[in-house]
Amino acid sequence: MKALIDAQNISKIYGEDSNRTVALDGLNLRINKGEFVAIIGPSGSGKSTLMHILGCLDRPTSGKYFLEGKLVSNLGENELARIRNEQIGFVFQAFNLLPRTKSIKNVELPLIYSKVKQGERETRARLMLEAVGLSDKLNSLPSQLSGGQMQRVAIARALVNKPLVIFADEPTGNLDSKASQEIIEIFKKLNREGRTIVMITHEKEVAGKAKRIIAIRDGKIVSDRRVK
Amino acid sequence: MDILETIKLALEAIKINKLRSILTALGIIIGVASIVLLISIGTGLSNYVSGEFAKLGANSIFVLPGRVQVGPQGGPPRSINKITFDIAERLDREKGPYITEISPLIQLSVTAGYKGQSKVTTLAGTKSTYFASSGIMAAEGRVYSDRDDTASRKVVVIGKTLAADLFKNDTPVGKTILLSKKPFSVIGVLAPQGNAGGVDIDNQVLMPLSTARKLTGANQVNSILVRTVSTKEMALAKAQVEKVLKRTLTEDDFTILTQEQLLSSILSILSVLTMALGGIAAISLVVGGVGISNIMLVSVTERTREIGLRKAVGARPRDILGQFLVEAVILSVFGGVIGITIGFLGSLALSNFLKTAVPLWAVLLGIGFSSTVGIIFGVAPAIRASRLEPIVALKHE
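Note that the structure is predicted; figures quoted are calculated from it, not measured.

Draft legend 1. Structural view of the overall build of chain B. Secondary structure summary: chain B contains 13 helices and twelve strands in total. Each of the 397 residues in chain B was classed as buried or not, and the buried ones make up 40%. For chain B, the proportion of contacts with a sequence separation of at least 24, taken over those separated by at least 6, is 83%.

Draft legend 2. How the structure looks around the overall build of chain A. The number of helices and strands found in chain A is seven helices and ten strands. Counting all 228 residues of chain A, 48% fall into the buried class.

Draft legend 3. Representation of the interface of chain B and chain A. Residue-level contacts link 18 residues of chain B with 21 residues of chain A. Per-element accounting of the side of chain B that touches chain A gives the leading share, five residues, to helix α10 (residues 304-312) of chain B.

Draft legend 4. Just the sheet that holds strand β8 (residues 196-200) of chain A, in detail. All names here are of chain A. With mixed pairing, six strands are arranged side by side in an open sheet as β6-β7-β8-β3-β9-β10. Each having just a single partner strand, β6 (88-91) and β10 (220-226) make up the two edges of the open sheet. On average, each strand axis in the sheet is inclined to that of its neighbour by 20 degrees, with strand direction left out of account.

Draft legend 5. Highlighting the sheet that holds strand β5 (residues 70-71) of chain A. Residues and elements named next belong to chain A. Strand order in the open sheet made by the four strands is β2-β1-β4-β5, with antiparallel pairing throughout. Of all the strands in the sheet, the pair left with one neighbour each is β2 (21-31) and β5. Of the strand pairs in this sheet, strand β1 (residues 5-14) and β2 are connected by seven bridges, and their pairing is antiparallel. Each residue of the ladder has a partner; that of Ile 13, found in β2, is Val 22. The strands touched by helix α1 (residues 47-54) are β1, β2 and β4 (62-67); relative to β1, the strand with the most contacts, the crossing angle is about 125 degrees.

Draft legend 6. The pairing of strand β6 (residues 176-179) of chain B, seen in detail. All names here are of chain B. Inspection of the sheet shows strand β2 (residues 99-114) paired to β6 by two bridges, in the antiparallel sense. Across the sheet, residue Ala 112 finds its bridge partner in β6, namely Leu 179. As paired strands, β6 and strand β7 (residues 182-190) are joined by four bridges and run antiparallel to one another. Among the inter-strand pairings, Leu 178 is bridged to a residue of β7, identified as Pro 183. Connecting β6 to the antiparallel partner β7 that follows it, the hairpin turn spans two residues, and Ser 180 within it adopts a positive phi of roughly 50 degrees.

Draft legend 7. Layout of the environment of B:Ile61. Residues and elements named next belong to chain B. Mapped onto the elements, Ile 61 comes out in strand β1 (residues 60-65). For Ile 61, a count of 22 C-beta atoms within 10 Å translates into the label buried. For the pair Ile 61 and Val 226, spaced 165 residues apart in the sequence, the C-alpha separation amounts to 4.9 Å. For Ile 61, the residues in contact, after removing those within four places along its chain, are Val 226, Thr 228, Ala 237, Lys 238, Val 241, Ile 256 and Thr 258.

Draft legend 8. Broad picture of unusual backbone geometry. Even without glycine at this site, A:Lys115 takes up a positive phi of about 60 degrees. Take A:Lys115: it is sitting in the loop between α3 (103-112) and α4 (118-131). Phi is positive for B:Lys168, close to 50 degrees, though the residue is something other than glycine. Tracing the chain through its elements places B:Lys168 in the loop between α6 (160-167) and β6. With 10 C-beta atoms packed within 10 Å, B:Lys168 lands in the exposed category.

Draft legend 9. Main features of the packing of helix α1 (residues 3-16) of chain B against helix α11 (residues 317-350) of chain B. Residues and elements named next belong to chain B. Between α1 and α11, the shortest axis-to-axis distance is 8 Å and the interhelical angle comes to 65 degrees. Judged by the twist between their axes, the crossing of α1 over α11 is right-handed. On α11, the residues touching Thr 6, Ile 7, Leu 9, Ala 10, Leu 11, Ala 13 and Ile 14 of α1 are Gly 322, Gln 323, Val 326, Glu 327, Ile 330 and Leu 331. Looking at the contact of α1 with α11 residue by residue, the class counts come to nine nonpolar, three polar and one charged.

Draft legend 10. Broad picture of the confidence of the model for chain B. Residues and elements named next belong to chain B. Per-residue pLDDT for chain B averages 84, and the proportion of residues at 70 or more is 94%. Within chain B, the element-level pLDDT minimum falls on strand β8 (residues 195-196), averaging 60, and the maximum on strand β5 (residues 155-158), averaging 93. Across the predicted assembly, pTM comes out at 0.68 and ipTM at 0.93.

Draft legend 11. Structural context of the packing of helix α9 (residues 259-302) of chain B against α11(B). Residue and element names in this part refer to chain B. At a minimum axis distance of 11 Å, the contact between α9 and α11 shows a crossing angle of 140 degrees. Accordingly, the angle class assigned to the pair α9 and α11 is oblique. The two elements α9 and α11 meet at a crossing, and its hand is right-handed. On α11, the residues that touch Ile 292, Met 296 and Val 300 of α9 are Phe 324, Ala 328, Leu 331 and Ser 332. Its residues assigned to classes, the contact of α9 with α11 comprises six nonpolar, one polar and no charged.

Draft legend 12. Structural view of the environment of B:Leu105. The topology assignment puts B:Leu105 in strand β2. In this structure, B:Leu105 is in contact with B:Ala124, B:Gly125, B:Thr126, B:Val221, B:Asn222, B:Ser223, B:Ile224 and B:Leu225, ignoring residues within four places of it in sequence.

Draft legend 13. Spatial organisation of α1(B). With 14 residues, α1(B) extends 20 Å from end C-alpha to end C-alpha; this agrees with the ideal 20 Å at 1.5 Å per step. Within α1(B), burial applies to B:Thr6, B:Leu9, B:Ala10 and B:Ala13. Burial along α1(B) is one-sided: seen end-on, the buried residues are contained in an arc of 100 degrees. Summarising the geometry of α1(B), the exposed residues directed more than 90 degrees from the buried face are B:Leu4 and B:Lys15. Contacts made by the buried residues of α1(B) are with α3 of chain A together with α11 of chain B.

The rules behind the values
- Counting restarts for each chain: residues are numbered from 1 in the order of the written sequence.
- Chain labels run from A onward and ligand labels from 1 onward, assigned in the order the entries are written.
- The predicted origin of the model limits local features to residues at a pLDDT of at least 70 and limits the giving and counting of side-chain atom pairs to 80 or more, whereas totals for whole chains, interfaces and linings rest on all residues.
- Under the scheme used here, helices are H or I runs from DSSP no shorter than 4 residues and strands are E runs no shorter than 2 residues, and both carry numbers assigned from the N terminus.
- We call a residue exposed when 12 or fewer other C-beta atoms sit within 10 Å of its C-beta, buried when the count reaches 20 or more, and partly exposed for counts in between; the C-beta positions come from the backbone.
- With C-beta atoms placed from the backbone, a contact is any residue pair whose C-beta atoms sit within 7 Å.
- Any two strands between which DSSP finds at least two bridges are classified as paired.
- Axis definition: a line fitted to C-alpha atoms, limited for helices to the stretch in contact. Angles are taken between N-to-C directions and run from 0 to 180 degrees.
- What makes a crossing left-handed is the near helix being turned counterclockwise from the far one by less than a right angle; a clockwise turn instead makes it right-handed.
- Under the scheme applied, nonpolar residues are Ala, Val, Leu, Ile, Met, Phe, Trp, Tyr, Cys and Pro; charged residues are Asp, Glu, Lys and Arg; polar residues are all the others, including Gly.
- The predictor attaches a confidence to each residue, called pLDDT, with possible values from 0 through 100.
- Put simply, angles under 35 degrees are roughly parallel, angles over 145 are roughly antiparallel, angles from 65 to 115 are roughly perpendicular, and the rest are oblique.
- A helix is expected to reach a length of 1.5 Å times the quantity of its residues less one.
- Think of the arc as the fan of directions from the helix axis to the C-beta atoms.

Okay, structure coming up:
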């Protein structure tokens, strides 16, 4: 079966000579459609760099990255923007909602860049907010929402363009345990519905909710196991 | 992303950051408002001058001694006065069908005295016809007649201001005043005429031309006022004057000015003034542009996370560039429109003192200039925003 994500011998090196830092060191990774993967590792292990490359936010220094069979590691900035827009959804630790902007407008954002018309944007954004249980917060501003609610808006935004995969970077890092629990439940539900989720976390308990846990250290995969 | 979406996006961003948007536009508002206001003041001055000239009568030609150039290359006359009374009289004899009146004028500054009071005033020696053709009448007493002139009688008619200053509450008519220490009897006081170009024309003494000649001993006239039948015959009359004068004088000895010429030269000076005022205002507009650039740059830094997020969800560099550029332009044009409104209101407020007017070109200039400033000064911040690396921008605190 062809992997959704196929990273081959990926390296990422920052700086030169004495400042040279190897963030990823010839890493190989395959993730299939429908998986729920947690990537764990101490800070500086290279897990964020890996997610940036898999999320097409950054390019590897060497190696090949195929997304749904298509080589994307050598694409230009505009093509990468298009892939991020159409095939990838992001959830960030700090939520990254536009301040002073209503929930529904925040969720509409990716659709603006894929030229979806205003009316359809609103319909789709509303459906997504309803799916994450925020049908009563459509017109709320981020400042009027709790952390858990903000992260749910962010998830709705990640989902609105029906991406192939969702990348979540420490999605529970800024949340209390109850809100964390809610967010993880949403991810699990999404995964049951068939969505592929790749989540970075340093919390063991959160990682334990995933179906597969990949541990990274010094830019290499040190363990890769399935959770029953 | 099409331009309509970009504009919508920019408008939303402007609405969301109201205070910052207003501050950004402020520089442009002030710049455009001052451009419009200063140009309207310049226009008002031109209107005022034209109006004052119209009061002098449109069918006049002035003959001045020497070569006088008006306009930017102008300077003092270069030769001595060769226009004598003989020449003026010859002109009168040969005035032809288009000229109704030749009026030589002696003009000098004198000190007028009465019972210990004294005042510096302008003495003008004119023919008696001057009163009728200028429409000036005596408020008290009478004006001098042709007979007074022929007999060189020592009579004067004085202006209202001079009368009030010298005579206080006394009646001037019938009294004797001293001009250059010689006695003259006042036969009339002129009706008030007010100001002409800032000069009080009620502070003057008029006397018969021959009397003035005797007083000054001058053989030359200061100017000759030529009245034509109508404005249409101006050119023909001018040609006639030129023909007669050239018989005895060279081109460098006299200057013929028509009302039109004087007016247009003064207006050209005023238009330079208007442009200079506009230029000063334009500088403030550039300062406003730097303000836009400055605040947009701050805004790029402040919105780095927003830019990062937009990129993460699929914005291409050119989408970000477009958004920031359109934001800058909208703010500038918006500032321009408000500036024009304020300038216009200012001009209305001033119209009580000066006939100010806001010409269409000033409005267009204001809008054109402000949008240009917006584009020029919006480019740098927009480029910076579009080049931000998404991962760097997302992590920005």
